[in-house]
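Each chain, letter by letter, is given below.
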Amino acid sequence: MNNSPYFLKPASVQSVMLRVLVALLPGIAAYVWFFGAAILVQIVLASVTALAAEAVMLRLRDKPVMLFLSDGSALVTAWLIALTFPSIAPWWLTVLGTLLAIVVAKHLYGGLGQNPFNPAMVAFALMIVAYPLLMSQWPKVDATDFAGQWEAIFGSRQILDAMTMATPLDALRTVLRDPEQRAMIGGILGSKATFGNVGGRGWEWIATGYFLGGLYLLQQRIITWHMPTAFLATLFVVSGAFALYEPDRFAGPGFQLFTGGAMLAAFFIVTDPVSGATTPRGKLIFAAGVALLTWIIRTFGAYPDGIAFAVLLMNIATPLIDMYTQPPVFGHKDKRGDSP
Amino acid sequence: MSALQRLFKFHGGVKPAYNKEASTGLPIAVAPTPTLLVIPLHQSIGGMPRPLVKAGERVLKGQRIGGADGNASSAVHASTSGAVVAVEMRLMPHTSGLSALCVVIEPDGRDEWIARQPFDFRKASPTQTRDYLRDAGVVGLGGAVFPTHLKLNPGKHGKLDTLVLNGAECEPFITCDDVLMRERAETILKGAIIMREMLSARQVLIGIEDNKPEAIAAMEIAAQAANQAAGDLAMQVVSVPTRYPAGGAKQLIRVLTGIEVPHGKRSTDYGVQCFNVGTAYAVYEAIALGQPLISRIVTVAGNVGQARNYEALFGTPMRDLVALCDPLPDSDRVIMGGPMMGLLMPGDEVPVVKATNCVLVGSRKLFPPPPPEMPCIRCGECAKACPADLQPFEMYWFSRAKIFGKAQEYKLFDCIECGCCAYVCPSHIPLVDYYRFAKSEIWAREVDKEAADIARERYEFRLLREEREKQEKAAKLAAKTAAGREKAAAAIAEAAKPAATPEDDTKKALIAAALERAKAQKEQVHPGNVSNLTPEQEAEVTAIEARRAEIREMAKPHLRQDD
């Protein structure tokens, strides 16, 4: 018989993970609306792969398979991989990425709760380094022909050119790197076909979906305000300052916040508790660091989006951040620090 | 007046289901005297009281049966009159299942008191009053049973700002303070007046969680009357937000005054002292009525048909109280205290003691076994819930890995073991168990280290002593030799007067003396057990040597392997 406390709050890892999945639904709905059902295929692919890999690894590690399989953590990783990979990527790319995330980034480091790096971001970073072209073929907005997408995922990729287009981030980078076009940046960003109202046609609505899901997570107290606020505020301030300083070289904060994976990162990726900082101040520093690195990589780097690398770099700094931001304990809260 | 009081918040805390209504429906009842009282001598923090009675003696109600062992201890009394049947080891109301010395009394049914004399504390010195309370066995009745007389000391400034009366009672199921405040508010405040005088406190703040409106109302009426009588506004009842563990002394002090008393510091250094309302009641009974502490209010609740509060004599078996409350058939355990911090009892025959605020009957249905433990996902729920502002998941990590130094760096010993972290953990990790384990390991190591230190000191002292003895011996020897030389020189001088050169003789004599000494030394060094042997013995020695040589040969390959 156990010791005190004798009753527990009805909470579980499973319920936390399931609510995270629920919070992803609005963003997924917008994804399907603007880019077709291919994303659902990728989610299923990633989920099945993740669960199978998790089961095998649990078996090999002599852990209770059903208990851990039902905790939902593998599904969260799988969904994040599917949502960060191009939805018309070939099936094996998603499967390979998911296997790397679950087998290497998660279980080889000790499984649930032990991974120093965000598994989904490990998958993204490895795949974009290994297959830069495949990881850059994003679906065209409003091209929702499912048969074609299915063909692209499972069959020949010859018809691909007709289906893909550069993401707004990529498009903007191309423009900004060309001194002749740069002068017309205002007009280009105004072309709603690509750039929509703020963050790119279609993409801005997916971002809004993630934002709504994020508010749900806040309301459910699964995440705290620290990480999303610090991430979005930092991205806003840095991109805003540079856009003010030289508007024809730097995209403004509205675009930065609503394009690419910024909203997904703010509420679902930097908030991963296992690999991120845990103290209140540490969370602020961690998320601000990710935002700053993201902006730097987006602006000066060669990759379409910088979130994965930014997150992994800040994961390395997590223990240090936590160590230096320990909050004072009860009775030790004076300004001098440790002893009153 | 409570509206004027500014309140502070403490970090964290949880809101479990309170389950208090079940035991507040009926007034306090007096539990019947059992057929046998088993009164443990050690019922408080501090030294174990010495038994003052022997088997066969008759004792009166309120008679001291255990004398305080020094000042940091508290006396124990017979709960009723009767015969001492035994003074022996009995099972204690503690999870460990250990036994300790108890006085077993067979009540005679007459309930005959000792001569009760009120104690005029205004005429006595503070030390006398404190000694009186120590011998009256008054200890903190909130559950920690710290001797009250030790806390009734205003400290270095000679006066305090605030006396806090703790009526928060935040643990689920427990209502003993609630009903005491409802029914005996006036007596509690009379005790508080005595305490306030002893502490020279400016004000008395009575903190009660806002889920006890009846107790608040009763205490407010009593406080108004007390203030009117005193002509001041010193007594204030303060309704505090209901949130476990608002009744922790440090948390309540924080809520009422904004002061945080750090771990290991005295609250009087910050101008505050905190007592449970039941303790104030006991102080009044001891001082104004001359009655030592022999009973308390105990909530019997949980898996019972009719939960209720009983005034129970110390020594009453818990099962007698449970039986009064119609326990349900699936009951499988008895817990002393509440569900958050209570102790699992090794059996239901253990006695009610001063720390017994609640006898909680449990069942698998009421307190189901926790779901399987999952790994920590560092979600930080525990840190959000911790009222001591700790990072429980870090302490867990280091306690589990037995890196106790690190666990202490994360302020393991500031943990009050309230259970909030384990209560909220989505991975169902029994966090508090890990802290208890780490703390006990650290204590054990400290004890070991102390023992090792003592041993080392002893060893070093021995070395010192041996060195000193050696030096003394050497000095003595040197003195002796010098004396010998002088003597020899004198003898030679005598002999050499007529004949040969004195130098040669001196040399000769010195050499002879040296040879003599060497011979004597050689004899001493020579082991005596192999000289002067009989032929049989010599043969035996040779045989033994041969066997040893054989064994050495056999052992050689193994030795080489080891090399």
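Everything here concerns the structure above.
Residues numbered from 1 in each chain as written. Chains lettered and ligands numbered in written order. Predicted model: local features only at pLDDT ≥ 70, side-chain atom pairs only at ≥ 80, totals over all residues. Heavy atoms only, no water.

1. Notes on the overall build of chain B
A count of helical and extended segments in chain B gives 14 helices and 17 strands. For a compact globule of 563 residues, the expected C-alpha radius of gyration is about 24 Å, and chain B comes in at 36 Å, more than 25% above that figure. For chain B, the spread of C-alpha atoms along the principal axes amounts to about 120 × 65 × 55 Å. A burial count over chain B gives 47% of its 563 residues as buried. Accessible area of chain B: about 27,900 Å², with a carbon and sulfur share of 56%. Side chains of chain B give 69 positive and 68 negative charges; the mean places of these two sets differ by 4 Å. (Helix = DSSP H or I, 4+ residues; strand = E, 2+ residues; numbered from the N terminus. Rg over C-alpha atoms; globule rule 2.2 N^0.38 Å. Buried < 20%, exposed > 50% of the residue type's maximum accessible area, 1.4 Å probe, protein only. Areas by Shrake-Rupley, 256 points an atom, 1.4 Å probe, with all protein chains shown as cover. Lys, Arg positive; Asp, Glu negative; His and termini not counted. Charge placed at Lys NZ, Arg CZ, Asp CG, Glu CD.)

2. Thoughts on a nonpolar patch on the surface
Residues and elements named next belong to chain A. Taken together, Trp-91, Trp-92, Leu-96, Phe-146, Trp-150 and Phe-154 make up a surface patch of nonpolar side chains, about 550 Å² in accessible area. Among the elements of the structure, helix 5 (91–107) and helix 7 (146–154) are those that each provide at least two residues to the nonpolar patch. Relative to the assigned elements, Phe-154 resides in helix 7. Judged by relative accessible area, Phe-154 falls into the partly exposed class, the value being 36%. (Patch = residues over 30% accessible without salt bridge, like charges linked within 9 Å, V, L, I, M, F, W, Y side chains within 5 Å. Salt bridge = Lys/Arg side-chain N within 4 Å of Asp/Glu carboxyl O.)

3. Here's the deal with the sheet that holds strand 12 (residues 272–276) of chain B
Residue and element names in this part refer to chain B. One open sheet accounts for four strands, arranged 11-10-9-12; its pairing is parallel. The open sheet has two free edges, formed respectively by strand 11 (235–240) and strand 12, since each of these has just one partner strand. Each strand of the sheet is rotated relative to its neighbour by a mean of 25°, with strand direction disregarded. Relative to strand 12, strand 9 (residues 160–166) runs parallel, the two sharing five bridges. The partner of Leu-165 across the bridge, within strand 12, is Phe-275. Where helix 6 (residues 277–288) meets the sheet, it contacts strand 9 and strand 12, and its direction lies at approximately 85° from that of strand 12. (Pairing = 2+ DSSP bridges. Axes fitted to C-alpha atoms, helices over the stretch in contact; angles between N-to-C directions. Contact = heavy atoms within 4.5 Å.)

4. A few points about the sheet that holds strand 14 (residues 308–313) of chain B
Residues and elements named next belong to chain B. The mixed open sheet is built from six strands, whose spatial order is 1-14-13-17-15-16. Only two strands of the sheet have a single partner each, and these edge strands are strand 1 (29–30) and strand 16 (343–344). Two elements, strand 15 (residues 331–336) and strand 16, share two bridges in a ladder whose sense is antiparallel. Bridge assignment links Met-336 to a residue of strand 16, and that residue is Leu-343. Sitting on the sheet, helix 3 (residues 176–199) touches strand 13 (295–302) and strand 14, and the angle it makes with strand 13 is about 125°.

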